[in-house]
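# Structure assessment
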Amino acid sequence: MLNALLFLALLEGAAWSQSADAPDVFDAASVKPAASQGSDGRYYSGCHGGPGSKDPGMVTCTSMGLGDLIVMAYSINAAQISGLKPSDSTYDIVAKVPAGAGRDQEHRMWQNLLAERFKLAVHREKKVMHVYLLVLARGGPKLKESVDEPSDYVTPSMSRVDKEGFPVVSPGKSVTSFENGTAHFAASRVSMKQFVEGFLQRRLAMDLKVERPVVDATGLIGKYDFKLMWLPGDDQSMNGPTLLNALENQLGLKLERKQAEVEILVVDHAENVPVEN
């Protein structure tokens, strides 16, 4: 099972225009073993910056596993990765994005970086498998639709939290933090597709120990701000909400089991020790 704690920021926004002059490789990239925790004692895992953010020229990723990076690079769910050997290794990555690059180009930059530093080789196949459909719970969604940030908006640091203990994140981004056995997920101005592919799929695998694609069937097409708090694990006797409880009670969403044909990414080769910077 892919076992890095999750944040995956799949970038969307007004800056998705693509420049033909921007190359499909980062100008520079540093890949190092991840630090154990942040300066405030919390454990963070995620990425911020890049096209569509307030810092389009730099992407910073903290405590990302190779599986997380593959999901981000190829815009797939973790359950759609086959053949990747389990590993506890996580990485801190800082990458400089060429001027004018858009989302599609950034994805190809990540693919090229993984091929260069982790010697990743893959191919695609079709497979019928069990999936989760994300649908609206009774009573409808409890999501807050996003509003434009003020012109003087300042991009927050990954270690900043609000008075409720949720990470403060940039528009188009999401972060999950863990402290004292409690998980806090926050996202700003993200679509349901981002929420499903960048967060929900991975946390279901971690909490329920079941890896399957999640398909968005909510019909929600806007951009939303998310806040979700739960106790990681699937023990119903825990003194607090499980992920599924929190999903329904806090966001007004629920999951249904179905079966469908999906595309998977087969890993032919990958190395857990990246090529030196």
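Bear in mind that the values here come from a model prediction, so they are computed numbers and not experimental data.

## Describing the overall build of the protein chain
Scanning the protein chain from N- to C-terminus turns up four helices and twelve strands. Of all 277 residues assigned to the protein chain, the portion counted as buried reaches 49%. Counted over contacts in the protein chain with a minimum sequence separation of 6, partners at least 24 positions apart contribute 78%. Of the roughly 12,800 Å² of accessible surface on the protein chain, a fraction of 49% belongs to carbon and sulfur atoms.

## Digging into the side chain of Arg203
Mapped onto the fold, Arg203 is located in helix H3 (residues 192–208). Overall, Arg203 belongs to the buried group, its relative accessible area being 2%. One polar contact links Arg203 to Asp207, side chain to side chain, over a distance of 2.6 Å.

## Quick word on the confidence of the model for the protein chain
For the protein chain, per-residue confidence averages 82 on the pLDDT scale, and 83% of positions sit at 70 or higher. This stretch, residues 1–20, has a pLDDT under 50; its non-local contacts, to residues over four places away or in other chains, come to 90 contacts. Taken together, the stretch residues 150–154 has pLDDT below 50 and engages in four contacts with residues farther than four places along the chain or on a different chain.

## Quick word on the packing of H3 against helix H4 (residues 243–251)
Two elements in contact, H3 and H4, have axes separated by 10 Å at closest approach and are oriented at 140°. With respect to their mutual orientation, H3 and H4 come out oblique. Of the residues in H4, those touching H3 at Phe195, Phe199, Leu200, Arg203, Leu204, Asp207 and Leu208 are Leu243, Leu244, Leu247 and Leu251. Taken together, the residues of the contact of H3 with H4 sort by class into nine nonpolar, no polar and two charged.

## Section: the packing of helix H1 (residues 66–74) against helix H2 (residues 103–117)
Remark: H1 packs on H2, axes separated minimally by 7 Å, with the N-to-C direction vectors making an angle of 140°. Pair H1 / H2 crosses with left-handed handedness. Residues Leu66, Leu69, Ile70, Met72, Ala73 and Tyr74 of H1 lie in contact with H2, whose contacting residues are His107, Trp110, Gln111 and Leu114. A class-by-class count of the residues in the contact of H1 with H2 yields eight nonpolar, two polar and no charged.

## Comments concerning the nonpolar core
Cys61, Leu69, Ile70, Ile93, Trp110 and Leu114 are the most contacted members of the largest nonpolar core, which totals 31 residues. It is H1 that provides the largest number of residues to this core, a total of seven residues. Residue contacts for Leu69: discarding those within four places in its chain leaves Met64, Tyr91, Ile93, Trp110, Leu114 and Phe118. Residues Leu204, Tyr224, Trp230 and Leu243 belong to the second largest nonpolar core, which totals 26 residues.

## Focus: the pairing of strand S5 (residues 90–96)
Both strand S1 (residues 28–33) and S5 contribute to a ladder of six bridges, which runs antiparallel. Residue Ala28 lies in a different strand from S5, and its bridge partner there is Lys96. For strand S3 (residues 58–65) and S5, the ladder comprises six bridges, and the chain directions are antiparallel. When the sheet's bridge partners are listed, Met64 is paired in S5 with Tyr91.

## Topic: H1
Within H1, nine of the nine residues are buried, leaving the element largely enclosed by the surrounding structure. Looking at H1, one finds that the buried residues are Leu66, Gly67, Asp68, Leu69, Ile70, Val71, Met72, Ala73 and Tyr74. Phi turns positive, to about 55°, at Ser75, one or two residues after H1.

## Some remarks on the pattern of salt bridges
A complete count under the given rule lists six salt bridges for this structure. Across the pair Arg117 and Glu116 runs a salt bridge whose closest N-O atoms are separated by 4.0 Å. On the basis of relative accessible area, Arg117 is assigned to the buried category, the value being 8%. Take Glu116: its relative accessible area is 48%, and that puts it in the partly exposed class. As a salt-bridge pair, Asp162 and Lys227 come within 2.8 Å of each other at their nearest N and O atoms. With a gap of 65 residues between them, Asp162 in the loop between strand S7 (144–145) and strand S8 (173–179) and Lys227 in strand S11 (residues 224–230) connect regions that are remote in the sequence.

Rules of the game
Residues numbered from 1 in each chain as written. Predicted model: local features only at pLDDT ≥ 70, side-chain atom pairs only at ≥ 80, totals over all residues. Heavy atoms only, no water. Helix = DSSP H or I, 4+ residues; strand = E, 2+ residues; numbered from the N terminus. Buried < 20%, exposed > 50% of the residue type's maximum accessible area, 1.4 Å probe, protein only. Contact = heavy atoms within 4.5 Å. Areas by Shrake-Rupley, 256 points an atom, 1.4 Å probe, with all protein chains shown as cover. Polar contact = N/O pair within 3.5 Å; in protein donor to acceptor, adjacent residues only side chain to side chain. pLDDT = per-residue confidence, 0-100. Axes fitted to C-alpha atoms, helices over the stretch in contact; angles between N-to-C directions. Parallel < 35°, antiparallel > 145°, perpendicular 65-115°, else oblique. Nonpolar A, V, L, I, M, F, W, Y, C, P; charged D, E, K, R; others polar. Left-handed = near helix turned anticlockwise from the far one by under 90°. Core = buried A, V, L, I, M, F, W, Y, C linked by side-chain atoms within 4.5 Å. Pairing = 2+ DSSP bridges. Salt bridge = Lys/Arg side-chain N within 4 Å of Asp/Glu carboxyl O.

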